[in-house]
Amino acid sequence: MFEQCIIKHDGKIQTPDFPVIPYIEGDGIGAEITRPTLEVIDHAVRKAYSGKRKIQWIEIFAGDKAYRQTGEWLPADTVTVIEKYLVALKGPLATPVGGGIRSLNVALRRQLDLYACVRPVRWFQGIESPLKKPELVDMVIFRENTEDLYCGIEFMRGEAETAKVEHFLMKELYVKAIPFPGDSSYGIKPVSKNASERLVRASVRYAIEQRRPAVTLVHKGNIMKFTEGAFRNWGFGLIEKEFQKDCYLEKDAGQSPESGKICIRDRIVDAFFQDMLLNPARHSIVATLNLNGDYISDLAAAMVGGVGIAPGANIHFETGRAVFEATHGTAPDIAGQDKANPTSLILSGKMLLEHIGWQEAATLIQRAVEKMFQEKTGTSDLFAQTTGARMVGTAEFAERLRAAIEHFD
Ligand code: ATP
């Protein structure tokens, strides 16, 4: 077997039968969930393709493990290897203390320009939910990944730069709206037309490809008119220019939605939170800025069982470059106790298989997870309060998933 790269050619991902795919084990519970995840994926691939296809995993390093080996939290090599092999799987990474990096996850997404964070959220039968009808939840959240307040452009109260920023605002731009000059910290929120448009474009294309009924643009444009409001306006402008024949606007629909077309909805984020709880079926694809996307993703996950089962991917849709990752953190409080739920990473692995076109293997994983949860078998974060459930540890859960995959026709 030779080194084989997945490539994107003529707009399509092309996957050799024995692709090399790098993985990052991750910190905290990373060691416990990543190894079983690779085994579940390998098992599904073997079952689906009878040995004619196999992933050649290679370990690359970031976080604690990288720091111990190289003195760097995110070695340049790690980024180069992902660029070369196009896709990667990643366990959760701890936030380094000191060293100038605020978040390794953010740094990795930024360096690879993985501009869309894609998080599918759906309910599994057997999982307890705070909703009356959790079966109505089936959303895919597209969160802009590269800008907004996540750029980390902040100035701390009392520092020399902060005084300069404040002086510039008040004396050169004649800003009068600062309530407490001399006593304030500042944060800057860049939102560009380019980043807004490519995120909205990716979300609408996805809706078309996956035959989804609606895309909701979520923003706080009534207050932040030139950032969140501009995101909304650029998004709607792009949809009108590039997708007019595929879409119709909710406000124009009246009582009769146009059949086969995608309904484009417009929501202020606070109203959206209410709507996603009360009318989850209305929202199928959600396109939003970085910070809104962070809040929305965690609420959406909580509606269907929590961060332990919510998968995620960070994707650059034009190049096909993508990192598939657990959406939760390193969970240091339960690390090393065989309690961690590996489902988030396993379902992210399923998304990876879909991304590289190995749908049959992806479906096996999906069916196995459905079966486990239907039988109320899972880790304590899901089933500690459920009567009649079979609570298992991380390793046993993964083992049972493999057994389920083995027994499918
Ligand atoms: P970090 O600092 O890396 O963000 P954290 O503990 O602050 O870590 P999370 O890791 O997201 O944030 O954890 C939030 C809570 O959810 C914790 O109580 C943790 O134990 C729990 N949790 C997170 N992931 C899992 C998982 N995969 N299985 C079970 N519980 C989890």
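By convention here, each chain's residues receive numbers from 1 onward along its written sequence. Local features in this predicted model are restricted to residues whose pLDDT is 70 or higher, and side-chain atom pairs enter the listing and the counts only when it is 80 or higher, whereas totals over whole chains, interfaces and linings include all residues. For the side-chain quantities, the full set of heavy atoms in the structure was used; hydrogens and water were omitted.

Attention now goes to the state of the cysteines. We call a pair of cysteine sulfur atoms a disulfide when they lie within 2.5 Å. Considering all chains together, one arrives at zero disulfides under this definition. A disulfide-free cysteine, Cys117 has its sulfur positioned 15 Å from the sulfur of Cys151, the nearest such atom. Residue burial is assigned from relative accessible area. The probe radius is 1.4 Å, only protein chains are included, and a residue is buried under 20% of its type maximum, exposed over 50%, and partly exposed in between. Looking at Cys117, the relative accessible area reads 1%, which means it is buried.

If you trace the 11 strands from one edge of the open sheet to the other, you get β4-β3-β5-β15-β14-β6-β7-β13-β10-β12-β11, paired in mixed fashion. Because the sheet does not close on itself, it has two edges, and the strands there are β4 (56–60) and β11 (247–249). Taking the axes of each pair of neighbouring strands and ignoring which way they run, one obtains an average angle of 25° across the sheet. By the convention used here, strands pair only if DSSP detects at least 2 bridges between them. Think of it this way: any DSSP run of H or I at least four residues long counts as a helix, any run of E at least two long counts as a strand, and we number them from the N terminus. Pairing analysis gives four bridges linking strand β10 (residues 214–219) to strand β13 (residues 285–288), with the strands arranged parallel. When the sheet's bridge partners are listed, Thr216 is paired in β13 with Val286. Axis definition: a line fitted to C-alpha atoms, limited for helices to the stretch in contact. Angles are taken between N-to-C directions and run from 0 to 180 degrees.

With that settled, the discussion passes to the pairing of strand β3 (residues 20–24). Within β3, five of the five residues are buried, which leaves the element mostly enclosed by the surrounding structure. Side chains Val20, Pro22 and Ile24 of β3 all project onto a buried face; the interleaved residues Ile21 and Tyr23 project onto the opposite face, where all are buried too. Judged from the five bridges that link them, β3 and β4 form a sheet pairing that is parallel. Across the sheet, Val20 pairs through a bridge with Gln56, a residue of β4. Following the backbone out of β3, through helix α1 (residues 30–49) and into the adjacent parallel β4, one traces a crossover that is right-handed. As paired elements, β3 and strand β5 (residues 87–90) share two bridges and run parallel to each other. By convention a crossover is right-handed if, when the strands point away from the viewer, the path from the first strand over the helix to the second runs clockwise.

The quantities given are spatial measurements derived from coordinates; they are silent on function.
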